[in-house]
Amino acid sequence: MNHDIITHTPVTLNNGKVINAHIHKLPSGMYAVHFDYVFEANTNSTRTKQIAEALWRKQHRDWFRFIRFQRSSTPLPMPKPTNQ
C-alpha cells in the first residue's frame, strides 16, 4: 500500500464477530479508515458494510470525529494510537 497504518481499531459486531479497521495516513496528509470486511454467503454485503461502519463510529467516536473534522477550521487533536 502507498500509505502508513497509524493504528488498528477493531469493531465488534452484534453477533460477536470482530472486523479489523485500520486508520491510515494517506500520501496527501489526510487520514482515512479502512475495514477488513468478512462477507458470508447468503448475506447482504451492503448491509454488513453499513452496520460495521455505524458500529465503528459508535465504538471509536474519537477517531471518527478526528477523521470527519480534519479539514475543519478547528480540527480536533489526533487520538492516541493504540498498538495492537
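Look up a bit, the structure's there.
Remember, predicted model here, so these are calculated numbers, not experimental data.

Student: Even after reading the chapter, I still don't get the nonpolar core, so can you show me in this structure?
Tutor: If you look at soluble globular proteins, the nonpolar side chains tend to sit buried side by side. One finds Val11, Leu13, Ile23, Trp56 and Ile67 to be the most contacted residues of the largest nonpolar core, which totals 13 residues. Only strand E3 (18-25), strand E4 (31-36), helix H1 (45-59) and helix H2 (61-68) provide two or more residues apiece to this core. Those residues in contact with Trp56, other than ones at most four positions away along the chain, are Thr9, Val11, Ala21, Ile23, Val33, Phe35, Arg61, Trp63, Phe64 and Ile67.

Student: Is there a simple way to think about H1 in this case?
Tutor: Owing to its 3.6 residues per turn, the α-helix aligns residues three or four sequence positions apart on the same side. Over its 15 residues, H1 extends 21 Å from the first C-alpha to the last, a length consistent with the 21 Å expected when each residue adds 1.5 Å. Buried residues of H1: Thr48, Ala52, Leu55 and Trp56, and no others. Down the axis of H1, the smallest arc covering the buried residues is 105°, so these residues share one side. Lining the buried residues of H1 we find strand E2 (11-12), E3, E4 and H2. Where H1 begins, the capping side chain belongs to Asn44, and its oxygen is found 3.1 Å from the backbone nitrogen of Thr46.

Student: Help me understand the layout of surface pockets in this model?
Tutor: Over the atoms rolls a probe the size of a water molecule, and its path tells where empty space is left. The volume enclosed by the largest pocket comes to roughly 270 Å³. In terms of lining residues, the largest pocket is bounded by 14 residues, among which Leu13, Asn15, Val38, Glu40 and Thr48 are the most central. Elements supplying a minimum of two residues to the lining of the largest pocket: E3 and H1. With four residues, the single largest contributor to the lining of the largest pocket is H1. Tallied by class, the residues present in the lining of the largest pocket amount to six nonpolar, five polar and three charged.

What counts, and at which threshold
Residues numbered from 1 in each chain as written. Predicted model: local features only at pLDDT ≥ 70, side-chain atom pairs only at ≥ 80, totals over all residues. Heavy atoms only, no water. Core = buried A, V, L, I, M, F, W, Y, C linked by side-chain atoms within 4.5 Å. Buried < 20%, exposed > 50% of the residue type's maximum accessible area, 1.4 Å probe, protein only. Helix = DSSP H or I, 4+ residues; strand = E, 2+ residues; numbered from the N terminus. Contact = heavy atoms within 4.5 Å. Expected span 1.5 Å × (residues − 1). Arc of directions from axis to C-beta. Polar contact = N/O pair within 3.5 Å; in protein donor to acceptor, adjacent residues only side chain to side chain. 1 Å grid on protein atoms, 1.4 Å probe; cavity = no way out; pocket = protein on both sides within 12 Å on 5 of 7 lines; lining within 4 Å. Points joined across faces, edges and corners; volume = space filled by probe spheres on them. Nonpolar A, V, L, I, M, F, W, Y, C, P; charged D, E, K, R; others polar.

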